[in-house]
Amino acid sequence: GGSSSTALVKTTGADGCPTDRRPFHVIQTADSSTYQQWQSRMMYYHFLKQQKADPCSEMGGFTRLLNTFDGGCLNRLAAYVTPPSRHVTVRSIL
């Protein structure tokens with residue numbers, strides 16, 4: 001008998017990225033404290049750095065949710081502001 005070889009072929013989309021990738025969206029929760037403002041900027045900086053290093057990575061988007069509003073905390077990084085809730089139910093989608 002003869003041997004057969006099977007080659008794996010990755011298909012790419014119009015953007016040149018594999019069509020089987022599954023981008024995810026990062027959601028960071030924070031308040032307007034100085035520490036969390038700094039932490040948000042560092043997290044977003046490294047998110048963008050990794051996205052730039054590999055444009056075809058699965059890192060899709062980044063959203064910061066603020067539970068307190070202080071106009072100064074929106075100067076460097078956009079955010080959605082939402083009031084804090086006393087009754088929070090967390091459900092995993094994984």
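Now for a quick tour of the structure. (Residues numbered from 1 in each chain as written. Predicted model: local features only at pLDDT ≥ 70, side-chain atom pairs only at ≥ 80, totals over all residues. Heavy atoms only, no water.)

**Overview of the state of the cysteines**
Thinking step 1. Using the criterion set out here, one finds 1 disulfide in the structure.
Thinking step 2. A sulfur-sulfur distance of 2.1 Å marks the disulfide that ties Cys17 to Cys56. Judged by the torsion about the S-S bond (-80 degrees), the Cys17/Cys56 disulfide is left-handed. Linking Cys17 in the segment before β1 (24-30) with Cys56 in the loop between α1 (34-53) and β2 (59-66), this pair joins segments that are 39 residues apart in sequence. (Disulfide = S-S within 2.5 Å. Helix = DSSP H or I, 4+ residues; strand = E, 2+ residues; numbered from the N terminus.)

**What about the environment of Ser33?**
Thinking step 1. Relative to the elements of secondary structure, Ser33 occurs in the loop between β1 and α1.
Thinking step 2. Separated by 35 residues in sequence, Ser33 and Thr68 have C-alpha atoms that sit 8.9 Å apart.

**Here's the deal with the packing of aromatic side chains**
Thinking step 1. All chains considered together, the criterion is met by 4 aromatic pairs.
Thinking step 2. Relative to Phe62, the ring of Tyr44 has its centre 5.0 Å away and its plane inclined at 50 degrees; by these criteria the two rings are tilted. One end of the pair, Tyr44, is in helix α1; the other, Phe62, is in strand β2, and 18 residues separate them in sequence.
Thinking step 3. By relative accessible area, Tyr44 is classed as partly exposed at 28%.
Thinking step 4. Between the aromatic rings of Phe47 and Phe62, the centroid separation amounts to 5.3 Å while the plane-to-plane angle is 50 degrees, which identifies the pairing as tilted. Note that Phe47 is positioned in helix α1 and Phe62 in strand β2, a separation of 15 residues in sequence. Like Phe47, the residue Phe62 is buried in the burial classification. (Phe/Tyr/Trp six-rings, centres within 6.5 Å; stacked < 30°, edge-to-face > 60°. Buried < 20%, exposed > 50% of the residue type's maximum accessible area, 1.4 Å probe, protein only.)

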